[in-house]
Every structure is written in structure tokens, then in C-alpha cells.
Amino acid sequence: MVITLRDIEWTQTLDSVIIRVIFHGKLEHKKLDIFTHREFVKIHSPPFYREIFLMHPIDEGQSKCRVLDNEMRFTLKKLEPQNWENLEKEMEKTVKIQMKESFVTDSHVQHEAEVKEKIEKKAVIRRKDIEKVIAHESDMRKQIEEINKEICREENAKIEKLRVLPSPTAKRLPEKPKAPVNIVPEVRQQGNIVVNFTERRFPTPKRESQDHLEQEWFKKQHEARKVVGFVEEDLRPEEKNPQWLKDKASDFFYKKNYLGAISALTTAIQLTPDCYDLFLERSASHLAIGNFQRCIEDCSRAYELLSPAVDSNLPARIQCLARRGAALCKIGFMRQGLDELQAALKLSPGNEDLQNDVKMIEERLLQDSDTDSN
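In this report, we go over the structure that sits alongside the text. (Residues numbered from 1 in each chain as written. Predicted model: local features only at pLDDT ≥ 70, side-chain atom pairs only at ≥ 80, totals over all residues. Heavy atoms only, no water.)

Turning next to helix H7 (residues 314-330). Every α-helix carries 3.6 residues per turn, so stepping three or four residues along brings you back to the same face. When the terminal C-alpha atoms of H7 are compared, their 25 Å separation across 17 residues agrees well with the 24 Å that a helix rising 1.5 Å per residue should span. Of all the positions in H7, only Ala316, Arg317, Ile318, Cys320, Leu321, Ala322, Arg323, Arg324, Gly325, Ala327, Leu328 and Cys329 are classed as buried. (Helix = DSSP H or I, 4+ residues; strand = E, 2+ residues; numbered from the N terminus. Expected span 1.5 Å × (residues − 1). Buried < 20%, exposed > 50% of the residue type's maximum accessible area, 1.4 Å probe, protein only.)

Ordered by their spatial adjacency, four strands build an open sheet running S1-S6-S5-S4, and the pairing between neighbours is mixed. Strand pairing shows two members of the sheet lacking a second neighbour, strand S1 (3-4) and strand S4 (33-37), which therefore form its edges. Across five bridges, S4 lies against strand S5 (residues 40-45) in antiparallel orientation. Across the sheet, residue histidine 37 finds its bridge partner in S5, namely phenylalanine 40. (Pairing = 2+ DSSP bridges.)

Okay, the packing of H7 against helix H8 (residues 334-347) next. The axes of two packed helices give the description: the angle between them and the distance between them. H8 packs onto H7 with a crossing angle of 160° between their chain directions and a minimal axis gap of 7 Å. By the angle between their directions, the pair H7 and H8 is classed as roughly antiparallel. Between H7 and H8 lies a crossing whose hand is left-handed. Facing Leu314, Arg317, Ile318, Leu321, Ala322, Arg324, Gly325, Leu328 and Cys329 of H7, the residues of H8 in contact are Met334, Gln336, Gly337, Leu338, Glu340, Leu341, Ala343, Ala344 and Leu347. The residue makeup of the contact of H7 with H8, split by class, is 12 nonpolar, three polar and three charged. (Axes fitted to C-alpha atoms, helices over the stretch in contact; angles between N-to-C directions. Parallel < 35°, antiparallel > 145°, perpendicular 65-115°, else oblique. Left-handed = near helix turned anticlockwise from the far one by under 90°. Contact = heavy atoms within 4.5 Å. Nonpolar A, V, L, I, M, F, W, Y, C, P; charged D, E, K, R; others polar.)

With that out of the way, let us pick up the nonpolar core. Grouped together as the largest cluster of nonpolar side chains are 20 residues, with contacts concentrated most on Tyr276, Leu278 and Leu306. Contributions of two or more residues to this core are made by helix H3 (242-254), helix H4 (258-271), helix H5 (276-288), helix H6 (292-305) and H7. Here this core gets six residues from one element, more than from any other, and that element is H4. Among the nonpolar cores identified, the runner-up in size contains 17 residues, and Phe23, Val41, Phe48 and Met72 belong to it. (Core = buried A, V, L, I, M, F, W, Y, C linked by side-chain atoms within 4.5 Å.)

Moving on, we come to the packing of H5 against H7. Relative to each other, H5 and H7 sit at 30°, their axes nearing to 11 Å. Comparing the axis directions of H5 and H7 gives the class roughly parallel. The two elements H5 and H7 cross, and the hand of that crossing is left-handed. Touching Tyr276, Leu280, Ser283, Ala284 and Leu287 of H5 are Ala316, Gln319, Cys320, Arg323 and Ala327, all from H7. Within the contact of H5 with H7, the residues separate by chemical class into seven nonpolar, two polar and one charged.

This structure, assessed with the given rule, holds 20 salt bridges. Across the salt bridge formed by lysine 121 and glutamate 117, the nearest N and O atoms sit 3.6 Å from each other. You can see lysine 121 and its partner glutamate 117 sitting in helix H1 (residues 93-164), four residues apart, about one turn around the helix. The class for glutamate 117 is partly exposed, based on a relative accessible area of 41%. We note a salt bridge from arginine 301 to glutamate 304, for which the minimum N-O separation is 3.2 Å. One end of the pair is arginine 301 and the other is glutamate 304, both in helix H6 and three residues apart, which spans about a single turn. Of the residues examined, arginine 301 reaches a relative accessible area of 29% and is grouped as partly exposed. Salt bridges sharing partners connect three or more residues here, namely Glu9, Arg20, Glu71 and Arg73. (Salt bridge = Lys/Arg side-chain N within 4 Å of Asp/Glu carboxyl O.)

In C-alpha cells:
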């Protein structure tokens, strides 16, 4: 049996309404159900029930409700400062039913929007945390590398001092007789050699609007493959060639010798630090051994070098985004990994593997959001 609450008192000020709902009996707090809307208030505590269709709209966010032992007090903030003629509207029963249905629908829509906003805020916070962690680890790694270089310099300086100082017990070897000086042959006559090169052709159709970008990309790759500044005395001639090191790393990778591949590519990067495909291939080896943080850094560096964005480097950019997204998902940052995979899918809409990966991650995030909301 439902008992309608009729003992209601209300007062008002210019900007608020105070409602007292009195229960003739003890109020069951655990069974209490309160629903509020801009123009509606419902109170249900079995067997008591009451609906109030407010005369004017209120501000739900600034309204309050206090539950006592045998009464409830509502302090409702008016949306517009004014004096109300009555607390409730006079309406027919059918109109009230229609309005209640619309109120419930509005409440569901608002709740879904709040849940979505909450998920997006969490994603933003996680993304910022990832960026902070990556930046911190990069700084720490740079500091460690600087310390190691300083130690190597100090040790090399000590070794050089030991080489310069003569040993008191060392005996001087007798000097060998000098070999006769060879007679220098005459200088050959000078001449010119003419070399003709075939025209460089891009695999994509030439577009006049992107011709300067294609030339800039070709120039950058040409400069990146030059060997400058780094020569070790103990390296063989072929080990000073980045292309030879890259081929060697590929052989190691297919034989599942991932650490060997990483070592070869690291040496090649020291020789040519601006060659994107070395970073991209090393990221694959890091991903294979579970070193996801290094994989993310190599993919990021390769993507920076893949500029300007032209059709010639489109497959490499897709591979960078997809691999970085996979590594982020592996360390638990599902939302950020999904963003990377979706960016790769935009560049290659017909890629079925990317479509399957994006679908799988979206289902996983949906399950996690349902778990959080419960």
C-alpha cells in the first residue's frame, strides 16, 4: 500500500525555496529513493511516496537535501531570482506522466555525458603522467650516459699519461737501419671523367604542389647516410658502414638474436644519428624482448625524422604509429595506445590488422569503464 506524503511545508526567499517533508513514522534511510530534476522532485521511502512538479526551474548543482529521523529538508536554489506564486504546478495526470518520462530521459542523457567526461579526464591525466615518466627516464638516462663518458675520459687520460712516462727498467732497443727511400714516379697527366646519373624516380605520381617537399625529404635522407664525426680504431672497414650494420641487424632479428640486432643498430645510429629507418628497426627488437619504454622512444625519434610528411614516407609513418601504440598498450596505457592506432588507421583505412587491433582495444576499454562505473 502506497501512502502519499501530504504534510509538506515550504517557505521561500528571493533566490531559494525551503521545503519540509514530514514523515509520521520512522524514516528508513536504506530504502530512501530521491530523484531531482530542474522542474521535478520525487521522494520514495516505502510505503511513503510523493511527487512535486515545481512551479519554476531550479539549479540542481547548488540545491541541497538533508535527511533527519522523521523529516526531509530541501534547500532548492532558484534558477532566476523571483517570488513563486505556488510551490507546485496544476496539471492533468497524463501531462504529468509525459513530463516524468522526459525528466527520466534527460537524467539518463546527463548521466552518460558525465560518465564520458569522467573517462576523458582520466585519459588526459594518464597521458600527462606518461609524458612525465618518459621525460624523467630520458633525463636520468642522459645523466647516466654523461657520467659514463666522464669516467671514460678520465681513464683514457690516465692511460695516456702512463704511455708518455718512460719506464725506469725499460731497455732501449737498437735502432733499425733505415730503408732506402723509394723514388717517386712522375705525376700522371690530368684528365676528366664524365659520369651520367639516371634520374631519381619516386614510386608515387609526381605532384607539382609537393615537389619541393619530395626534394627536401630526399636531401635529408642523403645527408643522414653520410658517415661523419665517429670513427673507432678497432672497427673493421665494413663495420663503419651503416648499411652493412643495418643488414647485419636484420639477419640477427630473423634469427631471433634481438640483443645482437640492437647492438648493431646502436652502432649504426652513432654513425648516422639522423637516419629514421635505424630507429624504426631498433624499436622492433626492443618490442620483441619486452623493452617497451625504449621501443616508444625509438618510434618517437623515427617519427620526428619522418618530416616533411609526404607519400614516400607514408608506410614508415604508419609503422611508427602502430608500433608505438602497441608498446603503450603493453605497459597499460590503453587509451593512449588506442589514439596512436587510430591515427595509423586514418593514414591506412584499408589495413585489416589495424582495424582488428583498434576494435579489440575499444572493447577492452569499454569493459574497464563498465567495471569502474560499477
